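The lines below spell out each chain.
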Amino acid sequence: PAEKAAVNMFPANAKIRKFAGQKTKPEDQDLEQSLATTLHQLQVNELQTLSGLQFIKAKEITTPVGSAIVLIVPRKQLKAWQKVHTKVTGEIEKRTSKQAFIIAHRRIMNKPNSSKIKFPRARTLKIVHENALADICYPDDIVAKRTHISTNGRNTIRVYLAAKDAEMTKPRLETLRIVYKALTGKDAIFEFSIFFVYIAVAGVSRC
């Protein structure tokens, strides 16, 4: 069909969007090219809804249970990426044998000295990190978060998940911890909780 022929002419490199002056680490270049090819082939052969979707960069994070791949996409395209999340991450994991995550690209801005200057709350460190947490957990829901402060003043976030598929999510819990630490520098523990799952379903509480 003419439509598919047009897609076949779409270059794999067009799946990568770079900002002016954006530099790619040499160790990430091969990874990005490989992912661009994978996404292009998936678009051509099976998932044409990937047309127009791009990623900004990708990074590989080493964990004790193997490496993880984080695909960083334009913030405005995140919802579209999440619609194909399972298919895309599944294809990447099948080809690389590495767990895959998709997060939006967000910039942190320093608060202005003057209160008269408008400042977007979404650009604060806290909100950017909270959104990154939700992104890496997707498609699972975060039903509660609790911050534990140790005697030495170190903070650890306990994240309680209501998994869409617990059997698939359970092997990823340790990877979630390491990926979140690599992205934000913060410590977190991810787990399931029957109590929080119950109250979320009952509509009693949701964090």
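Residues numbered from 1 in each chain as written. Predicted model: local features only at pLDDT ≥ 70, side-chain atom pairs only at ≥ 80, totals over all residues. Heavy atoms only, no water.

Colleague: Explain the sheet that holds strand S3 (residues 99-105) here, please?
Modeller: Strand pairing in a sheet relies on backbone hydrogen bonds. The paired strands run either parallel or antiparallel. Across the sheet, three strands lie side by side as S1-S2-S3; this open sheet has mixed pairing. Lying at the two open borders of the sheet, with one neighbouring strand each, are strand S1 (57-63) and S3. Put simply, the sheet's adjacent strands are angled 25° from each other on average, direction ignored. Relative to S3, strand S2 (residues 66-74) runs parallel, the two sharing seven bridges. The residue bridging isoleucine 72 from the neighbouring strand is isoleucine 103, located in S3. On the sheet, helix H2 (residues 26-45) packs against S1 and S2 and is oriented at approximately 110° with respect to S1. (Pairing = 2+ DSSP bridges. Helix = DSSP H or I, 4+ residues; strand = E, 2+ residues; numbered from the N terminus. Axes fitted to C-alpha atoms, helices over the stretch in contact; angles between N-to-C directions. Contact = heavy atoms within 4.5 Å.)

Colleague: Explain a positive patch on the surface to me, please; I cannot follow it from the model alone.
Modeller: On the surface, a cluster of positive charge is contributed by Arg75, Lys76, Arg107 and Arg123. Relative to the elements of secondary structure, arginine 123 occurs in the loop between S3 and helix H5 (125-137). (Patch = residues over 30% accessible without salt bridge, like charges linked within 9 Å, V, L, I, M, F, W, Y side chains within 5 Å. Areas by Shrake-Rupley, 256 points an atom, 1.4 Å probe, with all protein chains shown as cover. Salt bridge = Lys/Arg side-chain N within 4 Å of Asp/Glu carboxyl O. Lys, Arg positive; Asp, Glu negative; His and termini not counted. Charge placed at Lys NZ, Arg CZ, Asp CG, Glu CD.)

Colleague: How should I be thinking about the packing of aromatic side chains in this particular structure?
Modeller: The tally for this structure, following the rule as stated, stands at one aromatic pair. Aromatic side chains tyrosine 180 and phenylalanine 190 sit 6.5 Å apart centroid to centroid with 85° between the ring planes, which places their arrangement in the edge-to-face category. Of the two residues, tyrosine 180 is situated in helix H7 (residues 173-184) and phenylalanine 190 in strand S6 (residues 187-192); the sequence distance between them amounts to ten residues. Each member of the pair, tyrosine 180 as well as phenylalanine 190, is classed as buried. Between arginine 172 and the ring centre of phenylalanine 101, over which it is positioned, the NZ or CZ distance is 4.4 Å. (Phe/Tyr/Trp six-rings, centres within 6.5 Å; stacked < 30°, edge-to-face > 60°. Buried < 20%, exposed > 50% of the residue type's maximum accessible area, 1.4 Å probe, protein only. Lys NZ or Arg CZ within 6 Å of the ring centre and 35° of its normal.)

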